[in-house]
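Below, each chain spelled out in residue letters.
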Amino acid sequence: MKRGRLLAVLVLVVLSGCALPGDTGGFDADRELGHVGDYASGDDFTFDTSNGLTRNQLEAVKYRAMARIEVVRGLKFSRDVELEVVSRAEYRNRRAGTEGNASAFRNELWRGAFVVDGETDVGRAFDDLYGDSVQGYYVNDRVVIVSDDTDRIRIDRWVLVHELTHALQDQQFGIARESDRVDGVRAENGLIEGEANYVSRQYDRRCGAEWQCMPERRGPTASGETLSDRPFNVGLFLSIYAPYAEGTPFVADLHERDGWDSVDRAHGNPPRSTSQLIHPDHYPDREPIDVAIPDRSSDDWRPITKGTDGSNGGAPVARTETLGEATLFATLWANGVIDRPLTAGTSEFATYNYSHPATAGWAGDAVQVYRNMANRNRTGHVWRLTWDSPADAAAFADAYRTLLTRRGAEIVESTAVTERDVYRIPDGTQFAGAYRIDVTSDTVEIVGAPSVDDIAAIHAAGPVSEQNGSLETASALEPATPISSSRSEDDIEPQAVEGYSSPRDFAGRTGTSQRTSGTTRAAVDG
């Protein structure tokens, strides 16, 4: 039954915060699908939204959107969701002080990926990335919409539907993530963000002919050239944005296989790598290879550790990260090695295309960070990548050499027989330091160090095919601060205090969300 409502158009608040508390009693499980509170999916509203929404209108818009999401998804909300609208100034105020400086591991990780240079703290780079761009987020039965209009309550339909879909996911499946590595988190987020985007698209398709909807306020997709002009770190953005850009076609592919049942099952068996997002035919059978890095460091350089290994006499374990195919693409594109528009070759549901011959053969990778024992401000890294074939390994190695050259590197040593090259980027430039590349069969190993002399001390040359190694038990393994089996606060993805946050409208296109649940693990970003 449709009900028209004529509500007064009033500007109630300046957006220091307008919140609609949810009903804590929960919804009737026997109610009809598509009926939430006093509202139904087919309701028409006659009020004018051009000058903003009143509190009562905002409530009506929320419940109607929830009812329509139920119809699209075929699932019911089990409880209400609080909705809050805040100004961007208020959002920035809430963010203030939540990020702080990044750990030595995290800074070296993103420096080694040629995403954030050694002179820039990664935590501050994330602050710059999120502060001006987040459009909304979901956390613990609460959706927060960030508005740039400080005089009126305005809601972007896409953002509202996207974030309410996260609430439905949380209530039906939970949104805790299993992985604690960058690529694994990106992959699991690809399912969650991709589904929210896909639901929003299905919702939009009903607007006009079937449903009367609020106007949409989204801008066009930014091309690669436009993205390069943005005032944030493009490499970080592309890494974080992968779940949105490639998660939507991934979910669309699942839906085409067996309807929403396929998506439901995927929540119990989420994708394990961004490679599975970029190449949906890899899911679920082609899981990433677990890459091991043998320790070949001298006493002067030791790996940054995390926790202990009960099977190794309680010795500290080297902390290891996995960056994955999407971040490799982000690295090469942001550094000009991949020279094509991000929108080239996109499918119907993809915003950007993350597939490229230099990265498409990714099978697994691991990164470990090393610290100098005499000067703990000096760090280096070992990055080992396994590929589907020797040709794939060679393609990436060539692309990485091009990256070094574009960064001003000069080759100082080359051994053609073993395909081992050493490069040096001059001091006083971004990413200054020395880099050794070893290519053996389907494996590429990269060692980054402050100087050429430090390379062998961090990771002595050896057979790249060696897959296992154990860390020496020594007091020198201990980091500067005590470690535990879980990550420290400065290793958590930005905004993890409130949930996982990723950019929506950096390029004016698809979904930003920030989410967590009472049981979810904080998403990590190295």
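Further up the page is the structure itself.
All values derive from a computational prediction rather than experimental measurement. (Residues numbered from 1 in each chain as written. Predicted model: local features only at pLDDT ≥ 70, side-chain atom pairs only at ≥ 80, totals over all residues. Heavy atoms only, no water.)

**Here we look at the packing of aromatic side chains**
Where two aromatic rings form a pair, the distance of their centres and the angle of their planes describe that pair.
Now for step 1: As enumerated under the stated definition, the model contains 19 aromatic pairs in all.
Now for step 2: Ring plane angle 70° and centroid distance 6.5 Å describe the contact between tryptophan 383 and phenylalanine 396, whose orientation is recorded as edge-to-face. Remark: phenylalanine 396 occurs in helix 12 (residues 390-406) and tryptophan 383 occurs in strand 11 (residues 379-387); sequence separation between them is 13 residues.
Now for step 3: Ring-pair connections join several aromatic residues into one group, and the members of that group are Phe114, Trp383, Trp387, Phe396, Tyr400, Phe431 and Tyr435.
Now for step 4: Across from the ring centre of tyrosine 63, 4.3 Å away, lies the NZ or CZ of lysine 62, which sits over that ring.
Now for step 5: Over the ring of phenylalanine 105 we find arginine 319, and its NZ or CZ is 4.0 Å from the ring centre. (Phe/Tyr/Trp six-rings, centres within 6.5 Å; stacked < 30°, edge-to-face > 60°. Helix = DSSP H or I, 4+ residues; strand = E, 2+ residues; numbered from the N terminus. Lys NZ or Arg CZ within 6 Å of the ring centre and 35° of its normal.)

**Here we look at the nonpolar core**
Nonpolar side chains tend to gather and get buried jointly when the protein is soluble and globular.
Now for step 1: Core analysis: the largest hydrophobic core is formed by 67 residues, its most contacted members being Trp110, Leu238, Tyr354, Leu404 and Val444.
Now for step 2: Residue contributions to this core peak at nine residues, all from helix 8 (residues 234-245). (Core = buried A, V, L, I, M, F, W, Y, C linked by side-chain atoms within 4.5 Å. Buried < 20%, exposed > 50% of the residue type's maximum accessible area, 1.4 Å probe, protein only.)

**Side note on the environment of aspartate 388**
Now for step 1: Positionally, aspartate 388 belongs in the loop between strand 11 and helix 12.
Now for step 2: For aspartate 388, a relative accessible area of 39% corresponds to the partly exposed category.
Now for step 3: Taking the C-alpha atoms as reference points, aspartate 388 and aspartate 442, 54 residues apart in sequence, are found 6.7 Å from one another.
Now for step 4: Ignoring any residue separated from it by four or fewer positions in sequence, one finds aspartate 388 in contact with Arg286, Ala360, Gly361, Trp362 and Ala363.
Now for step 5: Here arginine 286 takes part through its side chain, which lies 2.8 Å from a polar atom of the side chain of aspartate 388. (Contact = heavy atoms within 4.5 Å. Polar contact = N/O pair within 3.5 Å; in protein donor to acceptor, adjacent residues only side chain to side chain.)

**Digging into the pairing of strand 10 (residues 362-372)**
Now for step 1: Of all the 11 residues making up strand 10, 11 are buried; the element is thus mostly covered by neighbouring parts of the structure.
Now for step 2: Both strand 7 (residues 301-303) and strand 10 contribute to a ladder of three bridges, which runs antiparallel. Its bridge partner being in strand 10, arginine 302 is matched across the sheet by arginine 371.
Now for step 3: Sheet topology places strand 10 next to strand 11; nine bridges connect them, and they run antiparallel. Across the sheet, valine 367 pairs through a bridge with tryptophan 383, a residue of strand 11. (Pairing = 2+ DSSP bridges.)

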